[in-house]
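# Summary of structural features
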Amino acid sequence: MTLVGKTVIVVGGGSGIGLGIAEAAFKDGAEVVIVGRSQEKLDQALLGLGSPPQVRAVVADAVDEVQIQRLFEMVGSFDHLISTAVWAAYQPVREFDIDEARRALDAKLIGPLMLVKHGVDRIRVGGSFTFTGGIAADRPGPRASVLAAANAGLSGLVRALALEIAPVRVNLISPGWVDTPIWDTIGGGNKDTILAQMASRLPVGRIGSPADIALAALFLMGSAFTTGETLNIDGGHRLV
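These lines cover the structure that appears in this document, whether it is placed above or below. (Residues numbered from 1 in each chain as written. Predicted model: local features only at pLDDT ≥ 70, side-chain atom pairs only at ≥ 80, totals over all residues. Heavy atoms only, no water.)

Let us look at the pattern of salt bridges. What the rule picks out here adds up to nine salt bridges. Here Asp-179 and Lys-191 are joined by a salt bridge, their closest N and O atoms 3.2 Å apart. Within this pair, whereas Asp-179 is found in the loop between strand E6 (169–175) and helix H6 (182–186), its partner Lys-191 is found in helix H7 (residues 191–201), the two being separated by 12 residues in sequence. A relative accessible area of 39% places Asp-179 in the partly exposed class. Among the ionic contacts, a cluster of salt bridges with common partners joins Asp-179, Asp-184 and Lys-191. (Salt bridge = Lys/Arg side-chain N within 4 Å of Asp/Glu carboxyl O. Helix = DSSP H or I, 4+ residues; strand = E, 2+ residues; numbered from the N terminus. Buried < 20%, exposed > 50% of the residue type's maximum accessible area, 1.4 Å probe, protein only.)

Below, the structure is given as structure tokens:
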């Protein structure tokens, strides 16, 4: 099954994993809508893709309900939506900025809920929602308590939504460590060292790439018998 003739919305499609998914969907024949908060980042993403007519960009904040409603009004009917939205809230619990914690929970839980709320009546037969969690749900670490809770909660939300809006499918991709621009913030000047150390621990011997996650997204969009599932694409991280 290919995505020829399908419309795919990628929330967070301006960079990193989202951009990788958008590129894979476009190459598989889909009409793609990339969504993000920054017009500049979306413009750069379009240029990187070669500015094809099958890909367009819409500026919207996935935690703003008015903007989400406007997004679906602009796009109209669609086949698949994938959201990779994340908020990098890494802080020691004793110092945690509660506003940052709420923003992380909004990005991972409230955003997906609103995307389904306003998108489910526009999705075509055979369509799906796919969200991205993260390894922190299974292997939490220091300074990532809020992300661990948000990612674990997203798994429960996906299973519940898969029942409530059936036969529309709802699934979750849980990536391990993936080399994306967010690591420039998390790792700072130590990014390369941190990623190399993790790569040496993983059974596959390397860090993931956006293309690795994109393959999983293509599978879930095309797998009509898969719903309510979490697909772990982590290079064996949960085993070490």
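Further notes follow.
Here the focus is the layout of surface pockets. Quantified by volume, the second largest pocket comes out at close to 190 Å³. Forming the boundary of the second largest pocket are 16 residues, of which Met-1, Leu-3, His-80, Met-221 and Gly-222 lie nearest the centre. Contributing elements (two or more residues each) for the lining of the second largest pocket: strand E4 (78–83), strand E5 (123–132) and helix H8 (210–222). If one sorts the elements of the lining of the second largest pocket by residue count, H8 sits on top with four residues. Of the residues in the lining of the second largest pocket, the class split is seven nonpolar, five polar and four charged. (1 Å grid on protein atoms, 1.4 Å probe; cavity = no way out; pocket = protein on both sides within 12 Å on 5 of 7 lines; lining within 4 Å. Points joined across faces, edges and corners; volume = space filled by probe spheres on them. Nonpolar A, V, L, I, M, F, W, Y, C, P; charged D, E, K, R; others polar.)

Turning next to the nonpolar core. Formed by 28 residues in total, the largest nonpolar core has its most connected members in Ile-9, Phe-78, Leu-81, Phe-129, Phe-131 and Val-170. When residues of this core are traced back to their parent elements, those giving at least two are strand E1 (7–11), strand E2 (31–36), helix H3 (65–75), E4, helix H4 (98–119), E5, helix H5 (145–164) and E6. The element contributing the most residues to this core is H5, with five residues. Listed in part, the 25 residues of the second largest apolar core include Ala-24, Ala-25, Leu-42 and Leu-46. (Core = buried A, V, L, I, M, F, W, Y, C linked by side-chain atoms within 4.5 Å.)

Residue position: Phe-72 is located in helix H3. Sequence-wise, Phe-72 and Arg-56 are 16 residues apart; in three dimensions their C-alpha atoms are separated by 14 Å. The contact partners of Phe-72, leaving out residues within four places of it in the chain, are Ile-9, Phe-78, Leu-81, Leu-115, His-118, Gly-119 and Arg-122. (Contact = heavy atoms within 4.5 Å.)

Counting through the fold element by element, Tyr-90 comes out in the loop between E4 and H4. Placed 34 residues apart in sequence, Tyr-90 and Arg-124 show a C-alpha to C-alpha distance of 38 Å. When residues no more than four places from it in sequence are discounted, the contact partners of Tyr-90 are Arg-143, Ala-144, Leu-147 and Ile-186.

Structural measurements only, silent on function.
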